[in-house]
Each structure stands twice: as structure tokens, then as C-alpha cells.
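Coordinate inspection notes
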Amino acid sequence: MKYLLSPSVLSADLSNIQEVAAMLREGGADWVHLDVMDGVFVPNISFGLPIVRAFRKHINRPLDVHLMIVEPEKYIEAFRQAGADSITVHYEACVHLHRTVHQIKNTGARAGVAINPHTPVTLLEDILGELDLVLVMSVNPGFGGQRFIPHSIEKIRKLKQMRDARSLGFTISVDGGIDEHNAKDVLAAGADVLVVGSGIFHQEDPVLTMRLLKDLRIDGVWL
Ligand code: DX5
Ligand code: ZN
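Below or above, wherever it landed, is the structure these notes cover. (Residues numbered from 1 in each chain as written. Chains lettered and ligands numbered in written order. Predicted model: local features only at pLDDT ≥ 70, side-chain atom pairs only at ≥ 80, totals over all residues. Heavy atoms only, no water.)

**Looking at the packing of aromatic side chains**
Here the structure, examined in full by the defined rule, presents zero aromatic pairs. A cation over an aromatic ring shows up here: R163 above the ring of F170, its NZ or CZ 5.7 Å from the ring centre. (Phe/Tyr/Trp six-rings, centres within 6.5 Å; stacked < 30°, edge-to-face > 60°. Lys NZ or Arg CZ within 6 Å of the ring centre and 35° of its normal.)

Put into C-alpha cells, the structure is as follows:
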């Protein structure tokens, strides 16, 4: 499968969502990544249901909702109703992760689990078979524009090995500090989805940057 690009609109100018949606379409975004932060699980507050609804109204691409909130089980149905196609909760925020994953699946959305940089991929061993997506955080969640943590590459590799060894089907997505320069290493390690925020929206030409990020090759070979 060719990899997918999921731009994170956290770093975009949300005063004009229609314009952001138009840029995403022009740049060829495969998914749209929406970072919901509650100021408790992470030391920052971003946006919630109304912004997800607004993107649903203006763009016809899968909405990839990343919940950086405590007790996400309280809001899963609401985010699905708002238009989420996949809902990702944090391993570190869920006491009954298996139940929460099935709660997501029961809404018809794809179920994802995110892991912070300090959380080993091996802790997912007993839930991997139930998942549609694993989100490897390559920065500590909470802010856009942070530096990629190099150890993430090893985690992606290990996760891919775990998937291959058991012939599982979950998607590997990577989030944080990705740009045109390190994206190839992330893909070569086994990522299927690149989540990119400031690497797109803080660039001079976000549309061109999205196109470049969708067209990566190693030694002339398409990734
Ligand atoms: C970080 C968020 C990311 C963020 C990525 O907490 O989960 O999705 O928007 O932004 P960059 O690409 O700027 O690191
Ligand atoms: Zn995110």
C-alpha cells in the first residue's frame, strides 16, 4: 500500500476553515488529522466537537480524530456523530482500553490507540488484534512544532515486526515532528500514515509541501 498523508490542522489558521479545507484538497491530503486536547491529559487546550463538525461540512476526506483527553469513553459517540471516521484514544488515558476500543468500533468508526514516547510498543501486545490503527507519538503530545524523537524509528520497526509476525492488519501512523527531511526514515521503518502539522502549515507554500510529502521516493523508488 502506498503511504497516506494526514495533515494535522492544529497548526493551520482555523479562522477560515473553508480555506484550510480547500488547501487540504489541493494538496491531496488523504486524511485530515484533528487534535483534540483537554488541558488535563496534555498541558494544552485545542478544540473539540464544533471544529470536527466544521471540517466534516467542508471536506470529503476521512477525519482522523486524535483524542488527547482523559476519560475519552465519555465522548466517543459524540465525536463519531460530529463526523469522525477514525477515533484514536491514548493508551495512557484508558483504564479499560479493551472496552473503549470496542466502544469505538461499535459506532462504526475505525479504532486507534496512541502511545506516548515513553510507552513501549510491547504493552499493546494483547490489544493489537482488535485495532485498526496504532498511532506512534514521536513527540510528547500537547503542542505542534516540536522536534522528532529519534527513538521513535525503532518503535515503528518493532511494531511492524509484531504486525508481520501475527499477520495483523492495523495501520501504523506516526505523529509529531515530521517534515520533508525525516519522513523517508519514518516510512522506511514501516509507517503507513504520516501525520504532519507545522511541517505543512508553517511552510511558505503548504499546498506544495503536501504534494512533496505525498511524492517521497528512496533511490528513485516510490514509497
Ligand atoms: C501533538 C499532536 C500532533 C501535532 C503534530 O500533540 O498530536 O498531531 O499537531 O504537529 P507537528 O507536525 O508540528 O509536530
Ligand atoms: Zn495528533
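Structure's up, so let's keep going.
**Let's talk about the coordination of the zinc ion (ligand 2)**
Ligation of the zinc ion (ligand 2) by protein atoms is provided by H33 (NE2), D35 (OD), H66 (ND1) and D175 (OD), these donors lying 2.0 to 2.3 Å from the ion. Note that the zinc ion (ligand 2) binds six donor atoms; their angles at the metal cover 70 to 168 degrees, and the shape is octahedral. Sequence positions of the donors to the zinc ion (ligand 2) reduce to the motif H-x1-D-x30-H-x108-D. Of this pair, D35 sits in strand β2 (residues 32-37) while D175 sits in strand β7 (residues 171-175); the two residues are 140 residues apart in sequence, bridging distant segments of the chain. Taken individually, D35 and D175 each receive the classification buried, so the pair is uniform in this respect. (Donors = N, O, S within 2.8 Å, 3.2 Å for Na, K, Ca; no water. Tetrahedral: all angles 85-135°; square planar, octahedral: opposite > 155°, others 65-115°. Helix = DSSP H or I, 4+ residues; strand = E, 2+ residues; numbered from the N terminus. Buried < 20%, exposed > 50% of the residue type's maximum accessible area, 1.4 Å probe, protein only.)

**Some words on the nonpolar core**
Counting 64 residues, the largest nonpolar core has V9, L24, L34, F55, V174, V186 and L194 as its most contacted members. If we ignore the near neighbours within four places in the chain, the residues touching F55 are V9, L14, I17, V20, L24, V32, L34 and L63. (Core = buried A, V, L, I, M, F, W, Y, C linked by side-chain atoms within 4.5 Å. Contact = heavy atoms within 4.5 Å.)

**What to know about helix α8 (residues 206-213)**
Among the residues of α8, P206, V207, T209, M210 and L213 are the ones counted as buried. Across the axial projection of α8, the buried residues extend over an arc of 160 degrees, all falling on one side. On the buried face of α8, the contacting elements are β1 (4-7), α1 (17-27), α6 (183-189), β8 (193-196) and α7 (198-201). (Arc of directions from axis to C-beta.)

**Things to note about the site of ligand 1**
In the region of ligand 1, 20 residues are neighbours, and D35, G142, G145, D175 and S198 sit closest. At a separation of 3.2 Å, an oxygen atom of ligand 1 approaches a polar side-chain atom of H66. One of the backbone nitrogen or oxygen atoms of G197 is found 2.8 Å away from an oxygen atom of ligand 1. Burial of ligand 1 by the protein chains amounts to 100% of its free accessible area of 380 Å². The cavity that encloses ligand 1 is the largest pocket. Listed by contribution, the elements that provide at least two residues to the shell around ligand 1 are β2, β3 (63-68) and β8. It is β2 that contributes the most residues to the shell around ligand 1, three residues altogether. When the residues that make up the shell around ligand 1 are grouped by side-chain class, the tally is eight nonpolar, ten polar and two charged. (Near = heavy atom within 4 Å. Polar contact = N/O pair within 3.5 Å; in protein donor to acceptor, adjacent residues only side chain to side chain. Areas by Shrake-Rupley, 256 points an atom, 1.4 Å probe, with all protein chains shown as cover. 1 Å grid on protein atoms, 1.4 Å probe; cavity = no way out; pocket = protein on both sides within 12 Å on 5 of 7 lines; lining within 4 Å. Sits in = over half its atoms within 2 Å of the grid points. Nonpolar A, V, L, I, M, F, W, Y, C, P; charged D, E, K, R; others polar.)

**Some details on the pattern of salt bridges**
Per the counting criterion, the structure on display carries six salt bridges. Residue R163 pairs with D192 through a salt bridge whose shortest N-O separation is 2.9 Å. Separated by 29 residues along the polypeptide, R163 in helix α5 (residues 152-165) and D192 in the loop between α6 and β8 bring together distant segments of the chain. For the pair R163 and D192, one class covers both residues: buried. As a salt-bridge pair, D215 and R217 come within 3.2 Å of each other at their nearest N and O atoms. Since its relative accessible area comes to 33%, D215 is described here as partly exposed. The exposure class of R217 is partly exposed, given its relative accessible area of 33%. (Salt bridge = Lys/Arg side-chain N within 4 Å of Asp/Glu carboxyl O.)

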